[in-house]
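Close look at the chain arrangement
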Amino acid sequence: MKLGWKLFLLLLAFSLTPFVALRLNAVRGMERLSEELSGHVAAFLVREAQGRMADLVEDHARLLRARRDNLGLRLQLQAVAVQKRLFGQAPEAAAEASFPVRIRRMGMARGGRPPDFEHLLLAPDGTTRPASAPDTGLLFTAPPGSPLAPLRPEMARLAPLAEDFADLSRPDDPPLWRVVTLTDGLTAVTLTDGRHPGLFDPRDTFWFRSALAAGPEEDPVWTLPYIVPALDRIMLTVSMAVRDASGAAAAVTAISTPLDDMLAGLTPGGHISHELTSFLVTAVQPVGGGERQLQAAAGSRPGRNRHGWLVRVEPEQVRSENREVFAETAHDVAEGRAGVRRLSFEGRDSLWAYAPAGPGQALLQIAPVAEVLAEAATAATYVQRRIAEQVAFSGIVAAAVMLVLFPATLLGARTVTRPAADLARAARRLATGDFTARAHPKGRDELAELGRIFNDMAPQLADQVRMRESLELAMEVQLRLLPKAPPRVPGLDMAALSIYCDETGGDYYDFYEFTGQKRGRVGVVVGDVCGHGVGAALLMATARALMRPRAALAVPPGEMAAGVNRDLCQDTMGTGRFMTLFYVEIDPAGRSLRWARAGHDPALLYDPATDAFTELSGRGVALGVLDDAAYEDMRLEAIPAGAVLVVGSDGIWESRDPAGGMFGKARLERVVRQTAGRGAAAVVAAVAQALDDFRGDAPQEDDVTLVVVAFTSSPEDAACT
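Scope of this entry: the structure provided in the associated data block. All values reported here derive from a predicted model rather than from experimental measurement.

Definitions and limits used
- Residues numbered from 1 in each chain as written.
- Predicted model: local features only at pLDDT ≥ 70, side-chain atom pairs only at ≥ 80, totals over all residues.
- Heavy atoms only, no water.
- Helix = DSSP H or I, 4+ residues; strand = E, 2+ residues; numbered from the N terminus.
- Buried < 20%, exposed > 50% of the residue type's maximum accessible area, 1.4 Å probe, protein only.
- Areas by Shrake-Rupley, 256 points an atom, 1.4 Å probe, with all protein chains shown as cover.
- Axes fitted to C-alpha atoms, helices over the stretch in contact; angles between N-to-C directions.
- Left-handed = near helix turned anticlockwise from the far one by under 90°.
- Contact = heavy atoms within 4.5 Å.
- Nonpolar A, V, L, I, M, F, W, Y, C, P; charged D, E, K, R; others polar.
- Core = buried A, V, L, I, M, F, W, Y, C linked by side-chain atoms within 4.5 Å.
- Phe/Tyr/Trp six-rings, centres within 6.5 Å; stacked < 30°, edge-to-face > 60°.
- Pairing = 2+ DSSP bridges.
- Parallel < 35°, antiparallel > 145°, perpendicular 65-115°, else oblique.
- Lys, Arg positive; Asp, Glu negative; His and termini not counted.
- Salt bridge = Lys/Arg side-chain N within 4 Å of Asp/Glu carboxyl O.

**Structural notes on the overall build of the protein**
In terms of helices and strands, the protein carries 17 helices and 26 strands. Scored against the burial criterion, the 721 residues of the protein give a buried share of 44%. When the accessible surface of the protein is split by element, carbon and sulfur atoms take 56% of a total near 36,000 Å².

**Looking at the packing of helix α12 (residues 533-551) against helix α13 (residues 557-572)**
Two numbers describe how α12 lies on α13: the axes approach to 10 Å, and their chain directions differ by 145°. Once α12 is placed against α13, the crossing between them reads as right-handed. Taking contact as the criterion, the partners of L539, T542, A543, L546, M547, R550 and A551 in α12 are, on α13, M560, G563, V564, D567, L568, D571 and T572. Looking at the contact of α12 with α13, its residues break down into eight nonpolar, three polar and three charged.

**Some points on the nonpolar core**
Generally speaking, nonpolar side chains in soluble globular proteins are found buried as a group. Ranked by internal contacts, the top residues of the largest apolar core, which has 61 residues, are L86, F140, M155, L158, L161, L186 and L259. At 16 residues, the largest contribution of residues to this core is made by helix α1 (residues 3-86). For L158, the residues in contact, after removing those within four places along its chain, are L86, L138, F140, L182 and L186. The next biggest cluster of nonpolar side chains, apart from the first, holds 49 residues, and it includes V524, L623, V709 and F711.

**As for the packing of aromatic side chains**
The description of an aromatic ring pair uses the distance of the two centres, along with the angle that the planes make with each other. All chains considered together, the criterion is met by 10 aromatic pairs. A centroid spacing of 5.9 Å and a plane angle of 70° characterise the contact between F99 and F140, whose relative ring orientation is edge-to-face. With F99 in strand β1 (residues 99-104) and F140 in strand β4 (residues 138-141), this residue pair connects regions lying 41 residues apart in the sequence. Look at F99 and you get buried, because its relative accessible area is 4%. Where Y512 meets Y583, the ring centres are 6.3 Å apart and the plane angle is 45°; that geometry is what we call tilted. Of this pair, Y512 sits in strand β18 (residues 507-513) while Y583 sits in strand β20 (residues 579-587), and the two are 71 residues apart along the sequence. Here the two residues Y512 and Y583 agree in accessibility, since each one is buried.

**Quick word on the sheet that holds strand β25 (residues 644-648)**
Strand order across the open sheet formed by five strands is β17-β26-β25-β22-β23, with antiparallel pairing between neighbours. The open sheet is flanked by β17 (492-499) and β23 (612-616), the only strands paired with a single partner. The sheet shows a mean angle of 15° between the axes of neighbouring strands, direction not considered. Where strand β22 (residues 603-607) and β25 come together, three bridges link them in antiparallel fashion. Note that in β25 the partner of L604 across the bridge is V646.

**Description of the packing of helix α15 (residues 664-675) against helix α16 (residues 680-695)**
Contact geometry of α15 with α16 gives a least axis separation of 9 Å together with a crossing angle of 140°. Taken together, the axes of α15 and α16 lie oblique to each other. When the axes of α15 and α16 are compared, the crossing they make is right-handed. Note on element contacts: α16 touches α15 through A682, V683, A686, V687, A690 and F694, opposite R667, L668, V671, V672 and T675.

**A closer look at the pairing of strand β11 (residues 277-284)**
Counting buried residues along β11, seven of its eight residues qualify, which places the element largely inside the surrounding structure. Bridging between β11 and strand β16 (residues 361-368) involves five bridges; their strand directions are antiparallel. Paired with T277 across the bridge in β16 is I366. The sheet contact formed by β11 and strand β12 (residues 293-300) spans seven bridges and is antiparallel. In the sheet register, T282 faces β12, and the bridge partner there is Q295.

**Some thoughts on unusual backbone geometry**
The peptide bond linking D219 to P220 adopts the cis configuration, its omega dihedral lying at -10°. Note on placement: P220 falls in the loop between α4 (206-213) and β7 (221-222). Positioned with a positive phi, R591 is a non-glycine residue whose angle comes to about 55°. We classify R591 as buried; its relative accessible area is 1%. Even without being glycine, D611 reaches a positive phi, approximately 55°. On the secondary structure map, D611 appears in the loop between β22 and β23. For D611, a relative accessible area of 40% translates into the label partly exposed.

**Considerations on the side chain of D650**
With respect to the helices, strands and loops of the structure, D650 is situated in helix α14 (residues 650-653). Summary of buried charges: D650 has no salt-bridge partner, and the nearest side chain of opposite charge, K665, is 9.5 Å away. Not counting the four nearest positions on each side in its chain, D650 is found in contact with D528, D601 and D702.

**Quick notes on the sheet that holds strand β24 (residues 634-636)**
In space, the five strands of this open sheet follow the order β18-β19-β20-β21-β24, with antiparallel pairing throughout. Looking along the sheet, the strands with just one partner apiece sit at the ends: β18 and β24. Averaged over all pairs of adjacent strands, the angle between their axes in this sheet comes to 15°, without regard to strand direction. As paired elements, β20 and strand β21 (residues 592-598) share six bridges and run antiparallel to each other. For D587, the partnering residue across the bridge sits in β21 and is S592. Here α12 sits on the sheet and contacts β18, β19 (522-529) and β20; the angle it forms with β18, its principal contact strand, is near 15°.

Distances and angles like these do not, on their own, reveal function.
The structure is reproduced here in structure tokens:
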């Protein structure tokens, strides 16, 4: 062989070696880069989906709880109307009126069918005649075996409830059945769409017995979902007892509504997953022991019409193959905790997001991880396909490339590595907190696509950081709205504390030192806005702005509260938002208290000399509910020296320990009794420490606010100072 050929072959060998090595290294590097970027993108997408699902299920659960609260509030208004009619005088027109009555026919129908009902019209003289079933209005049901004529006086008093219930209804209301059952069995029911809920003797129902067994502080009482055969629907019922002046229950009033209408509008769109599945679940312990189960009273599957919810006569079992994680999820649901977990559902790796939606219930939403990672899988497949195409193409054109191997190799290496290096530099800048870092993608290959994905991701991360900074600023502004320290007033020792469970909260307290006609008095106010977060904080700030100028006026506390309520209703009417409030004016020299309550829990006045607690009660609904609401002025004279006034929000006695037990007012009274002699600040500190010890590792679920005022001198000493 000639030397020229040998030299050619030697140069060719030297040329092929780096060519092959560079080619293999480039292919391997691209595969490794594809795997790393796909892994990072997949992890980012899963984290982002978890956050969005957590926010979504919290929003929907909060909406469902708000609907329950709204229905409970409407039941309270209904109970007020029932109490007014039940213990008032019957209208004169009712004496000559005839009342529609629904009675049960005796015996069994042919074919073993259950007995049906007939409708009668009870005349003023006590006689009855057959009548057709009414379409609307109030329909009476007599207790089994009772004559109808003796029941006319009670029917006459209850008959005006038809108009009262109509006034309490709105055109956009879902189907509602309003029921009033006296303890002697007489029942009045509103008809909805001409349909009767099929009640024969409501005294046998769970909601009637539960309402009678509950105390006034436990009203209202909710049932779990149950089927009503007469309506062929799954229903929820909220009920409460109607009591006479002595506190004895004289009747039970209730509102029933279909479960699917309560859930309407909660099924989300496809911005998270087009295969999102939703359930309304309850964690139950099987009879005889065993692991907890999740039973779904209703569910929403992809592709359903209307609002997508399907209620079930027999609860559906929601299961997973990941038994350990599923047990933790069921435990969270049973404890009323929210969370997001990753476990299988129907054989698919899925994300489970859940949040409490009511007493003993939770809203559960499940999305398959495969759909969440669809973008990452598409990008990885695209990169792998391009790599395979390049390998095949390079084999075909290798002979032609050999003639220009060195320049082609250098040019090719720079073309391949420049986008990757640019992306790595941008990623390093982003990791140091520089959110202006951007890649410079060129072309339409997989690296250019990854560069564009990176450029889209950086602003989203910046928005998240800015949102966190905004929440911190909102928290700082809200804390500045609270008093820095209580005023120094002779004869009084005051201290206060407010702890929010989120960055911002809805609790609020304030102190007022008056001039003019109120000179010498001190005003103390504690408020609690329904809900948490920025919306509650804004409503709290609005209420604070309305309170300050009105508190300075020379008007009684009840009139002041009514004025604030009228102004606040202009902002809250129709939104479902409201707040409770307790306002008290203290006269240190006269040793007296004047106060008004707006739906807030009564304050406590402790007298160490008698070791007795007095509740400062009074009538008045929450602010922002009824613009014409009236509030009762209350007064207490001759407050003894050493007495301690305690005003707090329900976040204190409704705090829960890890087992779900509540802190309760009895435990609060015990702490006050033990520390009353050490001053107001000691009482506040002791209550805060007791709450921390009680909750343990359990999260704080509600805002906590406490104001303590101790009377430190006798009336004569206060007057002298």
